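Spelled out, the chains give:
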Amino acid sequence: MAGIAFLAKSLKRSLSHQLLAGFGLSLLTVGAATLGINYQLVKLGLEQQVHARAKATAQTLEFSTEGLLEAESRPILQRVVQNYATLPAVLEVTIVDPSGVILAQGPILSAGDTQYQALYPPLASSLEEARRTGVSTFVETTLNGKAALTYILPFSSPLFSRSGGRRGLAVVKVDLHQIQQEIWPIFLTSTTTMVAGAGVILIAMGGLLKKCVLSPLLKLNETVAESQIEAQFTLPPDLPSHEIGFLAETFERVFQQHQQAEAELRKREAEERENTRQLAAALRELKEAQAQLIQTEKMAGLGQMVAGIAHEINNPISFIHGNLDHVEAHASELLTIISLYQQYFPLPPAELAAAIETTDLAFLQTDLPKIIQSMQSGTQRIREIILSLRNFSRLDEASCKSVDLHEGLDSTLMLLQHRLKAKAGKAFGIRLVKLYGKLPPVECYVAQMNQVFMNLLSNAIDALQGSDSPDPQITLQTERQQNRCIVRVCDNGIGIPPENLSQIFNPFFTTKPIGKGTGLGLAVSYRIVERHGGSLTCLSTPGQGTEFVIDIPIVQTSAAQMSLPTPDAVRLATS
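The text that follows walks through the structure, step by step, so that each part is easy to find.

Calculation rules
Once a new chain begins, its residue numbering starts again from 1 and follows that chain's sequence as written. A pLDDT threshold of at least 70 governs which residues receive local features in this predicted model, and a stricter bar of 80 or more applies before side-chain atom pairs are shown or counted, although totals over entire chains, interfaces and linings include all residues. Side-chain figures throughout are based on the complete set of non-hydrogen atoms in the structure, without hydrogens or water. Numbering of helices and strands starts at the N terminus; helices are DSSP runs of H or I of at least 4 residues and strands are runs of E of at least 2. Each residue is placed in one exposure class: buried if its accessible area under a 1.4 Å probe, protein chains only, is under 20% of its type's maximum, exposed if it is over 50%, and partly exposed if it falls in between. Note on contacts: a residue pair qualifies if any of its non-hydrogen atoms lie within 4.5 Å across the two residues. Here the accessible surface of atoms and residues is derived via Shrake-Rupley with a 1.4 Å probe, and residues count as covered only by protein chains that are part of the display. Ring pairs shown here join Phe, Tyr and Trp side chains whose ring centres sit within 6.5 Å, with only the six-membered ring taken for Trp; geometry is labelled stacked below 30 degrees between planes, edge-to-face above 60, and tilted in between. Strands are labelled as partners when DSSP assigns at least two bridges between them. Lines are fitted to the C-alpha atoms to define the axes, a helix being fitted only along its stretch in contact, and any angle between axes, read from their N-to-C directions, falls within 0 to 180 degrees. One speaks of a salt bridge when a side-chain nitrogen belonging to Lys or Arg is within 4 Å of a carboxyl oxygen belonging to Asp or Glu. Angle categories are assigned with fixed cut-offs, so that under 35 degrees is roughly parallel, over 145 is roughly antiparallel, 65 to 115 is roughly perpendicular, and the rest are oblique. Crossing handedness is read from the near helix: turned anticlockwise from the far helix by less than a right angle, it gives a left-handed crossing, and turned clockwise, a right-handed one. Polar contact is the term for a pair of N or O atoms within 3.5 Å; when the atoms are in protein, one must be able to donate a hydrogen and the other to accept it, and sequence-neighboring residues count only if both atoms are side-chain atoms. The definition of a nonpolar core used throughout is a set of buried Ala, Val, Leu, Ile, Met, Phe, Trp, Tyr and Cys residues joined through side-chain atoms within 4.5 Å. Side-chain classes are defined by residue name, with Ala, Val, Leu, Ile, Met, Phe, Trp, Tyr, Cys and Pro counting as nonpolar, Asp, Glu, Lys and Arg as charged, and the others, Gly among them, as polar.

### A closer look at the overall build of the protein
Line of reasoning, step 1. Within the protein, the secondary structure is distributed over 16 helices and twelve strands.
Line of reasoning, step 2. Relative to its full complement of 575 residues, the protein shows a buried share of 35%.
Line of reasoning, step 3. The contacts in the protein between residues at least 6 apart in sequence include a share of 66% that link residues at least 24 apart.
Line of reasoning, step 4. A total accessible area of about 33700 Å² is found for the protein, and carbon and sulfur atoms account for 60% of it.

### Some thoughts on helix H8 (residues 350-359)
Line of reasoning, step 1. A small share of H8 lies buried, amounting to zero of its ten residues.
Line of reasoning, step 2. Of the residues one or two after H8, Asp 360 is the one with positive phi, at around 55°.

### Examining the packing of aromatic side chains
Line of reasoning, step 1. By the definition in use, this model includes five aromatic pairs.
Line of reasoning, step 2. A centroid spacing of 5.0 Å and a plane angle of 50° characterise the contact between Tyr 116 and Tyr 120, whose relative ring orientation is tilted. By the burial criterion, Tyr 116 is buried, and Tyr 120 matches it.
Line of reasoning, step 3. With a centroid separation of 4.5 Å and an interplanar angle of 40°, the aromatic rings of Phe 138 and Tyr 151 are classed as tilted.

### Some details on the sheet that holds strand E10 (residues 484-491)
Line of reasoning, step 1. Here five strands make up an open sheet; going across it, the order is E7-E9-E10-E12-E11 and the pairing mixed. Of all the strands in the sheet, just strand E7 (431-435) and strand E11 (535-541) have a single pairing partner and so form its edges. The mean angle between the axes of side-by-side strands here comes to 15°, regardless of whether they run parallel or antiparallel.
Line of reasoning, step 2. With five bridges connecting them, E7 and strand E9 (residues 473-481) associate as parallel partners. The residue bridging Leu 432 from the neighbouring strand is Ile 474, located in E9.

### Quick notes on the pattern of salt bridges
Line of reasoning, step 1. Evaluation of the coordinates by the stated rule reveals 13 salt bridges.
Line of reasoning, step 2. For Arg 488, the salt bridge identified is with Glu 547, shortest N-O distance 3.0 Å. Remark: Glu 547 occurs in strand E12 (residues 545-553) and Arg 488 occurs in strand E10; sequence separation between them is 59 residues. Comparing Arg 488 with Glu 547, the two get one shared label, buried.

### Here's the deal with unusual backbone geometry
Line of reasoning, step 1. Although it is not a glycine, Asp 360 sits at a positive phi angle of roughly 55°.
Line of reasoning, step 2. According to the relative accessible area criterion, Asp 360 is partly exposed, its value standing at 41%.
Line of reasoning, step 3. The phi dihedral of Gln 482 is positive, around 55°, even though this residue is not glycine.
Line of reasoning, step 4. In this structure, Gln 482 sits in the loop between E9 and E10.
Line of reasoning, step 5. Take Gln 482: its relative accessible area is 70%, and that puts it in the exposed class.

### Quick word on the packing of helix H12 (residues 446-465) against helix H14 (residues 521-531)
Line of reasoning, step 1. One way to put it is that H12 packs onto H14 with a least axis distance of 9 Å and a crossing angle of 140°. On the basis of their axis angle, the class for H12 and H14 is oblique. The way H12 lies across H14 gives a crossing that is left-handed. Here Gln 448, Met 449, Gln 451, Val 452, Asn 455, Leu 456 and Asn 459 of H12 lie close against H14, whose contacting residues are Gly 521, Leu 522, Val 524, Ser 525, Ile 528 and Val 529.

### With respect to the sheet that holds strand E2 (residues 102-106)
Note: strands within a sheet are paired through backbone hydrogen bonds, in either parallel or antiparallel orientation.
Line of reasoning, step 1. Taken together, the five strands give an open sheet; going across it, the order is E2-E1-E5-E4-E3, and neighbouring strands pair in antiparallel fashion. The open sheet has two free edges, formed respectively by E2 and strand E3 (137-143), since each of these has just one partner strand. Here the average twist between neighbouring strands, direction ignored, is 20°.
Line of reasoning, step 2. Strand contacts of helix H3 (residues 74-85): strand E1 (90-96) and E2, with the helix running at about 35° to E2, the strand carrying the most contacts.

### Considerations on the side chain of Ser 540
Line of reasoning, step 1. By the secondary structure assignment, Ser 540 is in strand E11.
Line of reasoning, step 2. Among the polar contacts listed, one links the side chain of Ser 540 to the backbone nitrogen of Ile 496, at a separation of 2.7 Å.
Line of reasoning, step 3. A distance of 3.1 Å separates a polar atom in the side chain of Ser 540 from a polar atom in the side chain of Thr 546.
Line of reasoning, step 4. Beyond its immediate stretch of four places on either side in the chain, Ser 540 contacts Gly 495, Ile 496, Leu 501, Gly 545 and Thr 546.

### Quick word on the nonpolar core
Line of reasoning, step 1. Among the nonpolar cores identified, the biggest contains 40 residues, and Leu 405, Leu 456, Ile 474, Cys 485, Phe 548, Ile 550 and Ile 552 are the most heavily contacted of them.
Line of reasoning, step 2. Broken down by secondary-structure element, the contributors of at least two residues to this core are helix H10 (405-415), strand E8 (442-444), H12, E9, E10, H14, E11 and E12.
Line of reasoning, step 3. If one sorts the elements of this core by residue count, H12 sits on top with ten residues.
Line of reasoning, step 4. If we skip the residues at most four places from it in the chain, Ile 550 touches Met 449, Val 452, Phe 453, Leu 456, Cys 485, Ile 486, Val 487, Val 529, Ser 535 and Leu 536.
Line of reasoning, step 5. Counting 17 residues, the second-largest nonpolar core is a separate cluster that includes Leu 77, Val 80, Ala 170 and Val 172.

### Comments concerning the environment of Ser 99
Line of reasoning, step 1. Within the secondary structure layout, Ser 99 lies in the loop between E1 and E2.
Line of reasoning, step 2. Along the primary structure Ser 99 and Leu 169 are separated by 70 residues, whereas in three dimensions their C-alpha atoms are 10.0 Å apart.
Line of reasoning, step 3. Engagement of the side chain of Ser 99 in a polar contact is seen with the side chain of Asp 97, the distance being 2.9 Å.

### Things to note about the pairing of E9
Line of reasoning, step 1. Pairing of E9 with E10 involves eight bridges; the strand directions are antiparallel. In the sheet register, Thr 475 faces E10, and the bridge partner there is Cys 490.

### So, the packing of H10 against H12
Line of reasoning, step 1. Closest axis-to-axis distance for the H10/H12 pair is 9 Å, and the angle between their directions is 45°. When the axes of H10 and H12 are compared, the pair comes out oblique. Seen from above, H10 lies across H12 with right-handed handedness. Contacts between H10 and H12 involve Leu 405, Gly 408, Leu 409, Thr 412, Leu 413 and Leu 415 on the former and, on the latter, Asn 450, Phe 453, Met 454 and Leu 457.
Line of reasoning, step 2. Residue composition of the contact of H10 with H12, by class: seven nonpolar, three polar and no charged.

Here it is as structure tokens:
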């Protein structure tokens with residue numbers, strides 16, 4: 001059982017252990033089959049030897065006692081039979097006459113004329129069959145508790161002729177157990193010799209198998225394992241030239257082909273990744289350009305419309321504003337004349353007095369100057385709005401110029417002033433805090449920078465209108481840091497969720513309802529600032545507010561100016 005357990009355990013190990021275990025199992029199987037065959041052969045030889053000994057003893061007894069039977073010399077016959085009973089492995093020898101009476105018996109003669117069938121009833125039918133047919137037979141019986149083989153040999157004698165020609169019987173009983181004991185050492189010797197021979201063959205075959213098969217396979221296995229780590233296959237030295245050597249060479253060719261295929265695959269994967277990266281970059285740039293063109297064209301169209309409206313309104317409003325000074329002077333002169341007339345003619349005629357009372361001349365004298373001053377304030381306000389519109393669009397400036405960014409911020413705030421006031425359901429409007437630092441003139445495309453300011457301020461107002469802040473506030477802060485200009489637009493609104501913060505500059509990304517946002521404002525603003533050689537970053541804390549930081553150089557480099565699209569170029573590209 002221990003050997004079988006070892007073989008079963010070996011089958012779970014390496015190939016060498018499996019080969020040895022398989023060879024051992026095969027040898028054990030052959031050995032067990034050989035032992036079984038040897039046992040069967042020894043058993044068959046034992047049976048043949050027992051039969052031969054019993055038959056030879058009976059036949060010799062028949063020949064030796066034939067004369068004694070004819071002489072009817074029973075004492076001598078008894079001695080002869082007793083001598084035969086002393087032969088090795090012979091238990092009993094008996095001569096029985098045709099009537100079944102024992103004539104002689106060894107080693108001990110039964111008393112009187114005893115019937116043999118009476119001593120051994122199980123043999124009665126076999127004795128009668130042999131006596132009748134004259135054919136000898138073998139019967140396995142027991143004698144004194146020992147296994148015995150009984151051989152019954154019928155024979156004729158002149159002495160028996162008086163019994164009607166019936167045959168007498170020679171009965172020989174052989175000890176099976178003693179013969180088995182004699183044969184068993186022979187079986188053990190042959191078995192031991194076979195086992196020893198099998199062991200020698202196993203050792204010799206194991207050594208040969210290890211030398212010619214297992215050791216080369218182990219070297220090949222170690223080389224394959226090292227090739228997986230070092231990515232290099234080196235053919236092991238001193239390999240036999242038979243199938244294992246061919247297997248190693250095949251391994252080497254397959255490994256080289258695998259390395260070539262893997263290198264080619266990595267090369268193609270790198271090319272595909274590069275193509276994918278370039279395609280993604282081109283797609284991203286295309287989307288950004290599309291967003292830029294859409295927004296810029298929209299702003300260009302809006303700017304043209306605003307400029308046209310401002311121009312058309314500016315002429316009549318300038319005429320009105322300029323004539324209001326004359327109206328004010330003429331009205332002042334008329335009021336002076338009326339006052340003097342009332343002073344010198346305190347009692348006008350009845351009809352004139354009634355007209356003065358009807359028109360409430362006293363109220364008219366005090367209210368008319370106020371109306372003229374209000375009209376002057378209104379026309380001045382309209383002129384300021386027109387100026388802000390023209391400053392915001394700046395269509396007359398198609399090149400990069402040095403401008404005051406504060407002026408652009410103020411123009412944008414002027415256009416958004418109506419959105420800063422309190423709305424329905426809101427107790428307070430949006431408070432504006434300006435923390436302007438000292439900025440030198442900054443080189444930029446004014447219309448595009450104003451567009452950035454408009455987008456950032458509009459988003460801040462949207463965020464505050466959607467929040468529940470009791471004191472909505474927008475803070476504009478500017479400062480100079482060495483050769484760069486920093487503009488911060490801060491609000492204390494609802495903030496931006498972290499999952500959206502990384503996408504706010506992507507074209508067409510928006511969290512506003514359909515119809516209220518295109519997702520282009522921040523994407524276009526980011527692109528404009530980037531093309532000015534600057535950066536647009538966002539810092540936001542949900543529930544506390546958001547801060548956008550514009551960082552651009554004060555003086556543009558030639559490369560940055562080349563990358564910026566002019567309004568004319570934008571209109572040409574979209575036409």
